[in-house]
Each structure stands twice: as C-alpha cells, then as structure tokens.
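Here is what each chain is made of, one letter per residue.
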Amino acid sequence: MTIYEELKARGLIAQVTNEEEISKMVNEGKAVFYIGFDPTADSLHVGHFMALCLMKRLQEAGNKPIALIGGGTGMVGDPSGRSDMRQMMTVEMIQHNCDCFKKQMSRFIDFSEGRALMVNNADWLMELNYVELLREVGPHFSVNRMLTAECYKQRMEKGLSFLEFNYMIMQSYDFYELFRRYGCNMQFGGDDQWSNMLGGTELIRRKLGKDAHAMTITLLLNSEGKKMGKTQSGAVWLDPEKTSPFDFFQYWRNVADADVLKCLRMLTFLPLEQINEMERWEGSQLNQAKEILAYELTKLVHGEEEAQKSLKSAKELFTGGNAADMPACELEESDFTDGNVDILTMLQKSGLAPTRSEARRNVEQGGVTVDGEGITDVKALFTKEQLSGEGVVVKRGKKKFVKVFVK
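Cut-offs applied
- Starting afresh in each chain, residues are numbered from 1 along the sequence in its written order.
- Note on the predicted model: pLDDT of at least 70 is required for a residue's local features to be given, and 80 or more for side-chain atom pairs to be given and counted; whole-chain, interface and lining totals, by contrast, use all residues.
- Only heavy atoms go into the side-chain values, all of them from the structure, while hydrogens and water stay out.
- Any residue under 20% of the maximum accessible area for its type is buried, any over 50% is exposed, and the rest in between are partly exposed; the area is computed with a 1.4 Å probe on protein chains only.
- A run of DSSP states H or I qualifies as a helix once it reaches four residues; a run of E qualifies as a strand once it reaches two. Both are numbered from the N-terminal end.
- Along the arc lie the directions from the helix axis toward the C-beta atoms.
- Pairs of residues are marked as contacts when any of their non-hydrogen atoms sit within 4.5 Å.
- Only the stretch in contact is used when fitting a helix axis, every axis being a line fitted to C-alpha atoms; angles between N-to-C directions are given from 0 to 180 degrees.
- Here is the rule for angles: anything less than 35 degrees is roughly parallel, anything more than 145 is roughly antiparallel, 65 through 115 is roughly perpendicular, and the remaining ranges are oblique.
- Take the far helix as the reference: if the near one is turned anticlockwise from it by less than a right angle, the crossing is left-handed, and if turned clockwise, right-handed.
- In the scheme used here, Gly and all other residues not listed as nonpolar or charged are polar, with Ala, Val, Leu, Ile, Met, Phe, Trp, Tyr, Cys and Pro taken as nonpolar and Asp, Glu, Lys and Arg as charged.
- What is meant by a nonpolar core is a set of buried Ala, Val, Leu, Ile, Met, Phe, Trp, Tyr and Cys residues, joined one to another through side-chain atoms within 4.5 Å.
- When DSSP locates at least two bridges between a pair of strands, those strands are taken to pair.
- Note on handedness: a crossover is taken as right-handed if, strands pointing away from the viewer, the path from the first strand over the helix to the second is clockwise.
- Counted as salt bridges are all cases of a side-chain nitrogen of Lys or Arg within 4 Å of a carboxyl oxygen of Asp or Glu.

Q: With reference to specific residues and values, describe helix α2 (residues 19-27).
A: Buried within α2 we find Ile22, Ser23, Met25 and Val26. Along α2, the residues classed as buried sweep out an arc of 165° about the axis, all on the same side. Where the residues of α2 are buried, they touch α1 (3-9), β1 (13-16), α3 (46-60), β5 (186-190) and β6 (213-217). Backbone geometry just after α2 places Gly29 at a positive phi near 70°.

Q: Account for the packing of helix α13 (residues 260-267) against helix α15 (residues 284-302), with residues named and values stated.
A: Packed helix pairs are characterised by how far apart their axes lie and by the angle those axes make with each other. The contact between α13 and α15 brings their axes to 10 Å, and the two run at 30°. The orientation of α13 with respect to α15, classified from their angle, is roughly parallel. Crossing angle aside, the handedness with which α13 passes α15 is left-handed. On the side of α13, the interface is formed by Val260, Cys263, Leu264 and Leu267, while α15 contributes Leu286, Ala289, Lys290, Ile292, Leu293, Leu297 and Leu300. A per-class count over the contact of α13 with α15 returns ten nonpolar, no polar and one charged.

Q: Explain the nonpolar core residue by residue, including any values.
A: Core analysis: the largest hydrophobic core is formed by 64 residues, its most contacted members being Phe37, Phe49 and Trp252. Per-element tally for this core: the top contributor is α3, with nine residues. Residues in contact with Phe49, not counting those within four places in the same chain, are Phe108, Leu238, Phe248, Leu267, Leu297, Leu300 and Val301. Listed in part, the 27 residues of the second largest apolar core include Ile66, Trp124, Leu160 and Leu203.

Q: Please provide a residue-by-residue account of the pairing of strand β2 (residues 32-37), values included.
A: On a regular strand, one side chain projects to one face of the sheet and the next to the other, so that they alternate. Within β2, five of the six residues are buried, leaving the element largely enclosed by the surrounding structure. As paired elements, β2 and strand β3 (residues 64-69) share six bridges and run parallel to each other. Bridged to Ile35 within β3 is Ala67. After leaving β2, the chain enters α3 and then returns to the sheet as β3, a path that is right-handed. Note: β2 against β5, two bridges, orientation parallel.

Q: Before we move on, could you go through the pattern of salt bridges and cite the residues and values that matter?
A: Counted under the stated rule, the structure contains 24 salt bridges. Arg205 is paired through a salt bridge with Glu202; the nearest N and O atoms lie 2.6 Å apart. Residue Arg205 and its partner Glu202 are both found in helix α11 (residues 194-208); the two are separated by three residues, about one turn of the helix. For the salt bridge of Glu296 with Lys299, the shortest nitrogen-to-oxygen distance reads 3.8 Å. On the criterion of helical spacing, the pair formed by Glu296 and Lys299 is a turn pair, its members being three residues apart in helix α15. Given a relative accessible area of 17%, Glu296 falls into the buried group. A cluster of three or more residues bridged by salt bridges with shared partners is formed by Lys24, Glu28 and Lys30.

Q: Describe the packing of helix α10 (residues 167-182) against α11, with residues and values.
A: Two elements in contact, α10 and α11, have axes separated by 8 Å at closest approach and are oriented at 50°. Taken together, the axes of α10 and α11 are oblique relative to one another. Between α10 and α11 lies a crossing of right-handed hand. Of α11, the residues touching α10 (which contributes Tyr167, Met168, Gln171, Ser172, Tyr173, Phe175, Tyr176, Phe179 and Arg180) are Ser195, Asn196, Met197, Gly199, Gly200, Thr201, Leu203, Ile204, Lys207 and Leu208. Here the residues of the contact of α10 with α11 are counted per class, giving ten nonpolar, seven polar and two charged.

Fair warning: the whole summary comes from geometry, so function is off the table for now.
Here is the structure:
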C-alpha cells in the first residue's frame, strides 16, 4: 500500500485539486508541503493533532514538511467556522505562542538539517506595503467569488469585518511566498480551509504560471457531527500544564463506542490490519480498544513513560486503587475549620465543580464518591488525618476524579 492509499484508507483525505498528480508526488517523496498554524493560544490542542500526525506520516515517507506559524495572519484572525470576531493579540503574545508551538511540534516533526522547515509568515506579511499589495494581488481576486466561500458564511450572518475579509488574501499570499522562497508545491489543511487554499493555488498560477496543489484533511468529528477535542471545561491541550497527561489519556479512553475505530485509524500509527481486526470487537473489548487508543495518543504527545503512568493510574482507579499519578489537589490550612473540610470545598478546590452551588447539586444528585463510597450529604466532613499521606480519590460522575490530600 502506498502512502497516499494509506491516507485514503485511514479516512484522512477530504478534497484534492488533482488526485493523480498529488498521489504521484506524495508517493515518490517529492511533496514540499505546508500546513499553517495560527498562534491563537500558547499551546496546540487536539484540533491540531490530525495535521501534526499527517505531517509526521508524510515526512516518514520522504516528503518535506513546512510548519508555517501565523505570526502575521494571527494579527488578523481566521474567520472560518466562527460566529464572532477573534480577540486581537499583541505582538508579544503572538511571539510567545509561536515559541510554544515550535517546542510541541518537535515531538512530531524532525526539524534537523534539510528534513523540515518552520517559518513565520510575519517575515513577509509585516513588511508589505498596502498599495503595492493591492496592485500585485488585488486584480487576481474576485470579490463575488470570495463572498461565496464557506469560510465566510457564519461571519456574514453577524457581519464580516474588512479586517477578516482580508484573511483569504493573506493565506493565499503565504502559499505564493512559500512557493517562491522554498519550492513549496502543496498545501494541506482542514476541510474548512478549502476556499483559502484554492485562492493560493490560483494566485500562484496567475502570477507565476506554475501549478501548485491543495489537499484538505477530514475534520475530526464525533458520531454526532461535533468537533472532537472539547470538554465541558474547554479544549484538550497538548501542553501538560494545561491538560495533564492523565486527563489527556482519559479524554481518549472515554470516546464513544462509535468513534473509537475512526480515531484509531486517523490518529494512531498502528497498522491498519490490526485496527481492522478490532471491527469485530464488542462489549468489554471496545473498552480495550479505547485503552489502546488512549495509550497510543498519550505516548505520541507526552512520551511512553507518561502513557504508562496514565494507563496504570486508570486501571488502579477502576479497580478501586488509589492511583499515584492522577491529577492531584493539595488542600491548604485555610481550607480546614476545626481540623475538618467539607465535601463542597473539596469539590470546588479540586476543580471538579466550578462553584459551591454546582458542587452541592452534584452531591444531591448522587454523582460524587470518595474512595469509592457514595456521598449524598452536602455537609459531609473529612479530617486532616483522613486526607494526609496518600489522600483520597474524589470522583464526580464517571469520568472526573482527583486525588485530594494534605501534607
């Protein structure tokens, strides 16, 4: 199976400009391709995960990836799939986020000499002269066609600013510059970026008379059609300080039965034959498949040692043990009254409940346990002695748990 055939078999490819040419280039290791990452936060998240895995797969097949950090486009903000305008960031915030991205990407991509590039579009976008850009690029874009683009549809309903309207032109110009500077002949991106990517191929054709190609990656959606990588408390981050390896593991361990095989195909590097065998698995075997998924992805992002720790902690937790490596919360002296702390304080301080009223509701609905014992009394108290040493495992619902202790 060629690398392109494998990408199709894993369900990763959504749209392509010229399948025959793209498959030939990719299979022969002749693709110099880029994927853009706008630095809207100080960490990559699960939404970027598929792109990073694709870059890794293609690099291993001999192709050369370019990770484009959007230091320039980040000043504007991508309107794709949004109903409101993105928050404007300072130059310092953007630079800090760019630095964080590079560190995380290095886990997936080999940036050693000649193997891959990381570039920042601020290097050319921030130097552009407005009138020169209008004359150089403006004639090649039809406003009528731009207004029909999928990436603008949601913003059109509430009002698309002229600032955001320029995003397609900026992204297209990126492709043009990468083609000229580095011989970049292909762009990959999420399926919601298709219109922007076509703008780039068209600009290269019109300005340089050369062919460039685009391919979109299938968006990572769950069986309900919603984007994966979100929880009630927000995004699932790749930074261990923002989402602990254990919580990252648990996110994948708890995916729906209908989504586990799709995630294994799209995101892991396990052989397709092994994953296809799992199609016959049912019941408790599906839980084993989820465990494999969680382990493989945690190993990719956080390394084998953290994956082993998370797997061990999850097993201990479900068998009633007190896992040492799960998220922990250390209580302070001020949390105790007469040597006791109440269950609502424990839930709020540990982050299992955002407020005391929410914590009260969780307890009253029977969704809270401490070391496996159900807690239904909102006035339940725990002593310092009970919480010293290993502490206790406080669990809310089926998926959230924290070790609470005091020194």
